[in-house]
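Observations on the three-dimensional arrangement
What follows is each chain in one-letter form.
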Amino acid sequence: MTYTAEPRVDAYIDALPEWQQAICREVRELVHAADPEVTETIKRTRQPYFVLAGNICALLAAKDHVNVFVYDGGIVPDPEGIITAGHDNKTARTVAFRRDETINAPALTEMFRRIIANNRAGGWRKIKREQAGT
């Protein structure tokens, strides 16, 4: 996959332990594979975000795992149960990956594609309003 890497995202990933680097790089490849127009940036001074017509996801390495925050307002289906936290969060849910865990690439990629489609349709907030009929 060809995309323009943001040097600050590279720096964030490169500073992590090797196993976290591998997770972040795989997630990065998956989000870019979901749509060639995805771009990378840094928000909150150092956190990698992947965006296209709105936030798609963000990376945050913790001591024993990597969190992937998916910005979907809780409306994207999760039929394979990859969401690990934030089920009641109004903005983002979390998919956490620990050392030696396999990433369910098809499920995560599908989630990214749906978030991107929702972003292009005006974002999850607009979709929720329309679903509520307001």
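Each remark here, short or long, concerns the structure printed above.
Now for a description of the structure that goes with this document. Each chain carries its own residue numbering, running from 1 in the direction its sequence is written. Note on the predicted model: pLDDT of at least 70 is required for a residue's local features to be given, and 80 or more for side-chain atom pairs to be given and counted; whole-chain, interface and lining totals, by contrast, use all residues. The side-chain quantities take in all heavy atoms of the structure and omit both hydrogens and water.

**Some points on the nonpolar core**
Generally speaking, soluble globular proteins have nonpolar side chains that are buried together. Put simply, the rule reads: Joining through side-chain atoms within 4.5 Å is the link that ties buried Ala, Val, Leu, Ile, Met, Phe, Trp, Tyr and Cys residues into a set, and such a set is a nonpolar core. Burial here depends on accessible area, computed with a 1.4 Å probe over protein chains only, as a share of the maximum for the residue type. Under 20% is buried, over 50% is exposed, and the range in between is partly exposed. Under the DSSP-based scheme used, a helix requires at least four consecutive residues in state H or I and a strand at least two consecutive residues in state E, with every element numbered from the N terminus.
In terms of nonpolar packing, the biggest core is built from 33 residues, with Val-27, Ile-56, Val-68, Leu-108 and Phe-112 touching the most fellow members. At the level of elements, helix H1 (7-14), helix H2 (18-34), strand E3 (55-61), strand E4 (65-70), strand E5 (93-98) and helix H3 (105-120) are the ones that each hand at least two residues to this core. The dominant element in this core, judged by the number of residues it contributes, is H2, at seven residues. Ranked by size, the runner-up nonpolar core spans six residues in total, among them Tyr-49, Phe-69, Tyr-71 and Ala-92.

**What to know about unusual backbone geometry**
Positive phi outside glycine occurs at Arg-44, with the angle close to 60°. Mapped onto the secondary structure, Arg-44 falls in the loop between strand E1 (39-43) and strand E2 (47-51). Positive phi, normally seen in glycine, also occurs at Thr-45, with a value near 70°. Relative to the helices and strands, Thr-45 is located in the loop between E1 and E2. Residue Thr-45 is classed as exposed on the basis of its relative accessible area of 76%.

**What about the pairing of E5?**
Regular strands show a simple pattern: their side chains alternate between the two faces of the sheet. We count it as follows: Whether two strands pair depends on DSSP finding at least two bridges between them.
Most of E5 sits out of view: five of its six residues are buried. The pairing of E4 with E5 spans six bridges and is antiparallel. In the strand pairing of E5, Val-66 is matched with Phe-97.

**Digging into the packing of H1 against H2**
To be explicit about the condition: Fitted lines through C-alpha atoms serve as axes, helices being fitted only where they are in contact, and the angles separating the N-to-C directions of these axes extend from 0 to 180 degrees. In what follows, residue pairs with any heavy atoms lying within 4.5 Å of each other are defined as contacts. Nonpolar residues are Ala, Val, Leu, Ile, Met, Phe, Trp, Tyr, Cys and Pro. Charged residues are Asp, Glu, Lys and Arg, and all others, Gly as well, are polar.
It is at 9 Å that the axes of H1 and H2 come closest, and there the two elements cross at 150°. Together, Val-9, Asp-10, Ile-13 and Asp-14 of H1 and Gln-21, Cys-24, Arg-25 and Arg-28 of H2 make up the contact between the two elements. Looking at the contact of H1 with H2 residue by residue, the classes come out as three nonpolar, one polar and four charged.

**A look at the environment of Gly-74**
With respect to the secondary-structure elements, Gly-74 resides in the loop between E4 and E5. The class of Gly-74 is partly exposed, set by a relative accessible area of 36%. Separated by 18 residues in sequence, Gly-74 and Ala-92 have C-alpha atoms that sit 6.7 Å apart.

**Here we look at the environment of Asp-72**
Among the structural elements, Asp-72 can be located in the loop between E4 and E5. Distance from Asp-72 to Gly-54, taken between C-alpha atoms, is 10.0 Å for residues 18 residues apart in sequence. Setting aside its immediate chain neighbours within four residues, Asp-72 contacts Thr-91, Arg-93, Ile-115 and Trp-124.

**Focus: the side chain of Arg-28**
Applicable threshold: Pairs of N or O atoms within 3.5 Å make up the polar contacts considered here, provided that, within protein, one atom can donate a hydrogen while the other can accept it, and that residues adjacent in sequence are counted only when both atoms are side-chain atoms.
For Arg-28, the position within the fold is in helix H2. The class of Arg-28 is buried, set by a relative accessible area of 5%. At 2.7 Å, the side chain of Arg-28 and the side chain of Asp-10 are in polar contact. If we ignore the near neighbours within four places in the chain, the residues touching Arg-28 are Tyr-3, Ala-5, Glu-6, Val-9, Asp-10, Ile-13, Glu-40 and Phe-50.

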